[in-house]
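# Structural description and commentary
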Amino acid sequence: MSGFTIAVDGPAASGKGTIAVKLGALYGYPVLDSGLLYRAVGVRLLESGGDLSDEVAATAVARTLDPAELERPEVRTRAAGEAASRVAIFTPVRQVLREFQIAFARREPGAVVDGRDIGTVIAPWAPAKVFVTASTEVRAERRWKQLLLQDETISFDDILADIRVRDHRDTARADSPMAMASDAVLLDTSEMTIDGAFDAARRIVETARARWEQSLG
Ligand code: DC
């Protein structure tokens, strides 16, 4: 038996993280930003002098990942995002990180998990699934504003290029992580404020919750 699992998927800088945190606060559920797992693997691999194209080394790091590593500020940098998307293409890395995510998603009375493949691979049973997206330019602008707080020399064009590369890596192959579940609701936040996007997500989740409660009888 699982609680009320809310899967929030979408591309880089779509606003899914903010929406997930706000949904968690609304319902009082724990929130897992699954991207942090891949970021933490990438960061530790780099710190140990490893190579981001080394699947065996990346998998070994994933096996010994400590959840405390998700709290490190280093996992929130631009370099960590890039490293994450490189180690995330390795199937064994994804397999190792899967159990932790599934256990989290099953927490009672509910949990919010955000990522790329939560509604499809991690928690296909989730009663509420939102796929958050926004145009490439809007996402680049949001990420740029975030990263400017860490490094004011970063240019918008560099971040736009990063986002394009990340999107390509997340979607290019048949087994790429990012996919919208057939029962997910698409939420395009390009023209929305943070509050507007959260409100739209909340309505989607409330509808799903009513259906879920009804199914429990
Ligand atoms: O959401 P984010 O920017 O923190 O994600 C960093 C990278 O991690 C992203 O480019 C792809 C990968 N990722 C993934 O493959 N599956 C997830 N569920 C979450 C993130």
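Let me begin by describing the structure that accompanies this report. (Residues numbered from 1 in each chain as written. Predicted model: local features only at pLDDT ≥ 70, side-chain atom pairs only at ≥ 80, totals over all residues. Heavy atoms only, no water.)

Before going further, it helps to spend a moment on the site of the ligand. Neighbouring residues of the ligand: 15 residues in total, closest Ser-34, Arg-39, Arg-94, Arg-116 and Arg-166. The contact in question runs from an oxygen atom of the ligand to an N or O atom on the side chain of Arg-39, over 2.7 Å. Within the contact set of the ligand, a nitrogen atom lies 3.1 Å away from a side-chain nitrogen or oxygen of Asp-117. Here the ligand has 450 Å² of accessible area as a free molecule, and 98% of this is covered by the chains. Among the secondary structure elements, those contributing two or more residues to the shell around the ligand are helix H2 (35-47), helix H4 (78-87) and helix H8 (156-171). (Near = heavy atom within 4 Å. Polar contact = N/O pair within 3.5 Å; in protein donor to acceptor, adjacent residues only side chain to side chain. Areas by Shrake-Rupley, 256 points an atom, 1.4 Å probe, with all protein chains shown as cover. Helix = DSSP H or I, 4+ residues; strand = E, 2+ residues; numbered from the N terminus.)

This next bit is on the sheet that holds strand E3 (residues 110-115). If you walk across this open sheet you meet the five strands as E2-E3-E1-E4-E5, and the pairing is parallel. Two strands bound the open sheet, and with one partner strand each, they are strand E2 (31-33) and strand E5 (185-188). The average angle at which neighbouring strand axes cross in this sheet is 20°, direction not considered. Here four bridges tie strand E4 (residues 128-133) to E5, and the two strands are oriented parallel to one another. When the sheet's bridge partners are listed, Phe-131 is paired in E5 with Leu-186. Contacts from helix H5 (residues 91-105) reach strand E1 (4-9), E2 and E3, with the element oriented near 140° to E3. (Pairing = 2+ DSSP bridges. Axes fitted to C-alpha atoms, helices over the stretch in contact; angles between N-to-C directions. Contact = heavy atoms within 4.5 Å.)

Before going further, it helps to examine unusual backbone geometry. A negative phi angle characterises most non-glycine residues, just as the trans form characterises most peptide bonds. In this structure, the amide linkage connecting Glu-108 to the following residue, Pro-109, adopts the cis form with an omega of 5°. Positive phi values are uncommon outside glycine, yet Ala-13 reaches one of about 60°. Its location among the elements puts Ala-13 in the loop between E1 and helix H1 (16-27).

This part takes up the pairing of E1. Counting buried positions over the six residues of E1 gives six, a clear majority of the element. Burial along E1 is two-sided: Phe-4, Ile-6 and Val-8 and Thr-5, Ala-7 and Asp-9, pointing in opposite directions, are all buried. Where E1 meets E3, six bridges bridge the pair, whose relative direction is parallel. Its bridge partner being in E3, Ile-6 is matched across the sheet by Val-112. Looking at chain direction, E1 and E4 are connected through four bridges and run parallel. The partner of Val-8 across the bridge, within E4, is Val-130. (Buried < 20%, exposed > 50% of the residue type's maximum accessible area, 1.4 Å probe, protein only.)

With 13 residues, H2 should reach 18 Å at 1.5 Å per residue; the first-to-last C-alpha distance of 18 Å fits that figure. Those residues of H2 not exposed but buried are Leu-36, Leu-37, Tyr-38, Arg-39, Ala-40, Val-41, Gly-42, Val-43 and Leu-45. Contacts made by the buried residues of H2 are with E2, helix H3 (55-63), H4, H5, helix H7 (136-148) and H8. Positive phi appears at Gly-49, one or two residues downstream of H2, with a value of about 80°. (Expected span 1.5 Å × (residues − 1).)

All chains considered together, the criterion is met by 14 salt bridges. One salt bridge connects Lys-145 with Glu-141, and the closest N-O pair in it is separated by 3.1 Å. Note that Lys-145 and Glu-141 are positioned in helix H7 at a spacing of four residues, about one turn of the helix. Classification of Glu-141 as partly exposed rests on a relative accessible area of 36%. The closest approach of N and O atoms between Arg-202 and Asp-199, which form a salt bridge, is 2.8 Å. Pair noted here: Arg-202 and Asp-199 are both in helix H9 (residues 194-216), with a separation of three residues, about one helical turn. For Arg-202, a relative accessible area of 26% corresponds to the partly exposed category. Judged by its relative accessible area of 29%, Asp-199 is partly exposed. (Salt bridge = Lys/Arg side-chain N within 4 Å of Asp/Glu carboxyl O.)

Everything listed here is a matter of geometry and, on its own, says nothing about what the molecule does.
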